[in-house]
Amino acid sequence: FQNFASRLSCIIVCFPAPLASRCYSHGKVETDEEFDSRWVTYFSKPDIDAWELRKGMNTLIGYDLVPEPKILDSALKACRRLDDLASAIRILEAVKEKAGPHKDIYPYLIQELQPTLTELGISTPEELGIDR
Amino acid sequence: MLATRALSLVGKRAISTSVCVRGGHGVAKVESYTLPAYFDRPENPLPDICYVQNLSPEQKSLKEKEKGSWAALSNDEKISLYRISFHQSFAEMNQKSSEWKSVVGGMLFMIGFTGLAVLWQRKYVYGPVPHTFDPEWKAKELQRMLDMRINVVEGFSSHWDYEKKEWKK
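Here the structure is a predicted model, which means the values were calculated and not measured.

Engineer: How do you make sense of the pattern of salt bridges when you look at a structure like this?
Structural biologist: If charged atoms from side chains of opposite charge come close, those side chains can pair. Counted under the stated rule, the structure contains 17 salt bridges over all chains. K77 of chain A serves as the salt-bridge partner of D73 of chain A, at 2.9 Å between the closest nitrogen and oxygen. In this pair, D73 of chain A and K77 of chain A are both assigned in helix α3 (residues 69–81), four residues apart and thus about one turn of the helix distant. Among the ionic pairs, D40 of chain B bridges to R90 of chain A, the shortest N-O distance being 2.9 Å. Pair noted here: D40 of chain B is in the loop between α1 (2–7) and α2 (57–66) and R90 of chain A is in helix α4 (residues 85–99), and the two residues belong to different chains. What makes R90 of chain A buried here is its relative accessible area of 0%.

Structure (structure tokens):
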């Protein structure tokens, strides 16, 4: 989902080739998969603390991309370990905001996250009516 | 320092509980502006502190219930939990306001007022203009310019018909 702003709609199925996120001429470019697995590992830490969750989430939202469902899945499970439902709902709101004008990304994310949402009992902002 | 690090796991305003006693003067008062603040920003979805710092007994019991299964919570309880941690939802914080109308209105009003002030100044503050602005003087200036053939090829005097002694049509 990197550099999404430059693409047109209906790109849910095909993912763009890895593009450099840093402008090194010589440095190794991190692939999308490496980026994703790095973040999944970050949120999967069993004893993650609230600060690390907040820091991770705020940093992730700062990037020019919408996080992959697997990263969000890992973050939501971290919220569960921290007994923090409010943050879980906030994360869903934040990624909807990140998608910006691309209205088809958020429904896709919810579709992919539905098993986790049902398992953990997280309601989406739409279900709670706070998306207006 | 170790105490502060351990307390930071709580995730609340832990820094205020670290005690700094120096030189026999006692504990310095911690100012509220030095502590982490709450703010609603789309770029910073999870602020440093919860919005509601002092929980009522119902809120405390709700927080206890949060430790159990979330599916057991009703929608209202989930919304209450959300409102404890956060002030405005994303939809609320992104709302447009009509403030721009006040701003533009205020701008136009001030420009209008300035115009009135300038007019008043012109009438009551400034003295008369020099005598060289009198119509008779201006007529003499114009005649002098025509006599000097100012810009006679394409400019000023080229519009004057010297035979008929009038402006060219």
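Engineer: Any chance you could explain the environment of C50 of chain B here in plain terms?
Structural biologist: All names here are of chain B. Summarising the element assignment, C50 is placed in the loop between α1 and α2. When its relative accessible area of 19% is taken as the criterion, C50 is described as buried. Considering only alpha carbons, one finds C50 and L146, 96 residues apart in sequence, at a separation of 82 Å.

Engineer: Help me out: how do you make sense of the nonpolar core in this one?
Structural biologist: One broad trend across soluble globular proteins is that nonpolar side chains are buried collectively. Counting 48 residues, the largest nonpolar core has F43, M57 and I122 of chain A as the members making the most contacts within it. Elements that contribute at least two residues to this core include exactly α1 (32–43), α2 (50–62), α3, α4 and α5 (105–120) of chain A together with α3 (75–85) and α4 (90–93) of chain B. Ignoring any residue separated from it by four or fewer positions in sequence, one finds F43 of chain A in contact with I48, L53, G56, M57, L60, I71, S74, A75, A78 and R81 of chain A.

Engineer: I tried to follow the interface of chain B and chain A on my own but got confused; where do I start?
Structural biologist: Reports of interface size often rely on the accessible area that becomes lost once the parts have come together. Between chain B and chain A, the residue contacts involve 32 residues of the former and 27 residues of the latter. Our count for the chain B to chain A interface comes out at one salt bridge. The interface formed by chain B and chain A includes 17 residue pairs in polar contact (both at pLDDT 80 or more). Elements with a minimum of two residues in the side of chain B that touches chain A: α3 and α4 of chain B. At seven residues, the largest contribution of residues to the side of chain B that touches chain A is made by α3 of chain B.

Engineer: Would you explain the packing of aromatic side chains in this entry?
Structural biologist: Both the distance between ring centres and the angle between the ring planes are used here to describe each pair of aromatic rings. The full count for this structure, using the stated rule, is 10 aromatic pairs over all chains. Ring geometry for W39 of chain A and Y63 of chain A: centres 6.0 Å apart, planes at 75°, overall edge-to-face. With W39 of chain A in helix α1 and Y63 of chain A in the loop between α2 and α3, this pair connects stretches of sequence that are 24 residues apart. Residue class for Y63 of chain A comes out partly exposed when judged on its relative accessible area of 28%. Ring geometry for W120 of chain B versus Y124 of chain B: centroids 5.6 Å apart, planes at 35°, classification tilted. On the criterion of helical spacing, the pair formed by W120 of chain B and Y124 of chain B is a turn pair, its members being four residues apart in helix α5 (residues 99–124). Using a relative accessible area of 55% as the deciding quantity, one classes Y124 of chain B as exposed. Counting every residue linked through ring pairs, the aromatic cluster contains F35, W39, Y42, F43 and Y63 of chain A. When the ring centre of F133 of chain B is taken as reference, the NZ or CZ atom of K138 of chain B above it lies at 5.1 Å. The ring of Y162 of chain B carries the charged tip of R149 of chain B above its face, separated from the ring centre by 4.0 Å.

Parameters and conventions
- Residues numbered from 1 in each chain as written.
- Chains lettered and ligands numbered in written order.
- Predicted model: local features only at pLDDT ≥ 70, side-chain atom pairs only at ≥ 80, totals over all residues.
- Heavy atoms only, no water.
- Salt bridge = Lys/Arg side-chain N within 4 Å of Asp/Glu carboxyl O.
- Helix = DSSP H or I, 4+ residues; strand = E, 2+ residues; numbered from the N terminus.
- Buried < 20%, exposed > 50% of the residue type's maximum accessible area, 1.4 Å probe, protein only.
- Core = buried A, V, L, I, M, F, W, Y, C linked by side-chain atoms within 4.5 Å.
- Contact = heavy atoms within 4.5 Å.
- Polar contact = N/O pair within 3.5 Å; in protein donor to acceptor, adjacent residues only side chain to side chain.
- Phe/Tyr/Trp six-rings, centres within 6.5 Å; stacked < 30°, edge-to-face > 60°.
- Lys NZ or Arg CZ within 6 Å of the ring centre and 35° of its normal.

From the geometry alone we can't say anything about function, so treat these as descriptive.
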